Amino acid sequence: AVLKKRLVKLVVNFLFYFRTDEAEPIGALLLEHCRITKEEENVFSISFIEEPERKYCFECDSEEQCQEWIEALKRASYEFMRRSLIFYRNEIQKMTGKDPLEQYGISEEARFQLGTHKQ
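Quick caveat: nothing in here was measured; it's all calculated off a predicted structure.

Another point: the pattern of salt bridges. As a working rule, side chains carrying opposite charge can pair if their charged atoms are close by. Inspection of the entire model under this criterion finds six salt bridges. For the salt bridge of glutamate 22 with arginine 19, the shortest nitrogen-to-oxygen distance reads 3.6 Å.

Next comes the structure, spelled out in C-alpha cells:
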C-alpha cells in the first residue's frame, strides 16, 4: 500500500480528492454501495461491494475528526437519503395527516395516476 497525502472534499455523494498543491480534483469516489470501516484510532477505509478487495484508507488528524468523517460519509449515499426521506415523510404524515410532498405533485396518488394514465 502506498500512502499519499491528499485533500478531500465531500459534495453530496461524491468524495473528491486533490493533490495538496492543485485546485482541480484528481479523482472522485461515488459513495454508493460502499462500506465505511474504522480501521485504527485515526484511520477509516472505504471499500465497494463490487470490488471488496480494493480499499481506500484515510488518516485523520484526530479520533474526533475521524468519527466525524465516518458519520458524514455514511449519510452521503443516495440510499441513506432516500430512506431518510421516506421515514420523515411518514412521520410528518402521521403528525399532520397530510403528505408533505403533495404540494410538489409527488404524492402516492399522483404517481399511481401518472403510471396508469393512458392516452
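Another point: the environment of alanine 76. Mapped onto the elements of the fold, alanine 76 is located in the loop between helix H1 (63-74) and helix H2 (78-96). The exposure class assigned to alanine 76 is buried, which follows from its relative accessible area of 4%. Setting aside anything within four residues of it in sequence, one finds alanine 76 in contact with Leu10, Val12, Asn13, Leu31, Glu32 and Met81.

This paragraph deals with the pairing of strand S3 (residues 27-30). Side chains Gly27 and Leu29 project from S3 onto a buried face, and the interleaved Ala28 and Leu30 project onto a face without burial. The pairing of strand S2 (residues 14-19) with S3 spans four bridges and is classified as antiparallel. Note on S3: the bridge partner recorded for tyrosine 17 is glycine 27.

Across the sheet, three strands lie side by side as S1-S2-S3; this open sheet has antiparallel pairing. The sheet terminates laterally at strand S1 (6-11) and S3, the two strands that pair on one side only. Averaged over all pairs of adjacent strands, the angle between their axes in this sheet comes to 25°, without regard to strand direction. The sheet contacts of H1 involve S1 and S2, and relative to S1 the element is tilted by about 40°.

What the three strands build is an open sheet, ordered S4-S5-S6; its pairing is antiparallel. The open sheet has two edge strands with one neighbour each: strand S4 (34-40) and strand S6 (51-59). Direction aside, neighbouring strands of the sheet carry axes that sit 25° apart on average. With six bridges joining them, S4 and strand S5 (residues 43-48) adopt antiparallel strand pairing. Note that in S5 the partner of glutamate 40 across the bridge is valine 43.

Calculation notes
- Per chain, the residues get numbers from 1 upward, laid out in the order the sequence is written.
- Only residues with pLDDT of at least 70 get local features here, since the model is predicted, and only at 80 or more are side-chain atom pairs given and counted; chain-wide, interface and lining totals rely on the full set of residues.
- No hydrogens and no water enter the side-chain calculation; it runs on all heavy atoms of the structure.
- Salt-bridge detection follows one rule: a side-chain nitrogen of Lys or Arg within 4 Å of a carboxyl oxygen of Asp or Glu.
- Each helix is a run of DSSP H or I of at least 4 residues and each strand a run of E of at least 2, with the numbering of both proceeding from the N terminus.
- Only protein chains enter the accessibility calculation, which uses a 1.4 Å probe; a residue is then buried when its area is under 20% of its type maximum, exposed when over 50%, and partly exposed in between.
- Whether two residues touch is decided by their heavy atoms; if any such pair falls within 4.5 Å, the residues are in contact.
- In this analysis, strands are considered paired if DSSP registers two or more bridges between them.
- Angles run from 0 to 180 degrees between N-to-C directions of axes, and those axes are lines fitted to C-alpha atoms, restricted for helices to the stretch in contact.

Fair warning: the whole summary comes from geometry, so function is off the table for now.
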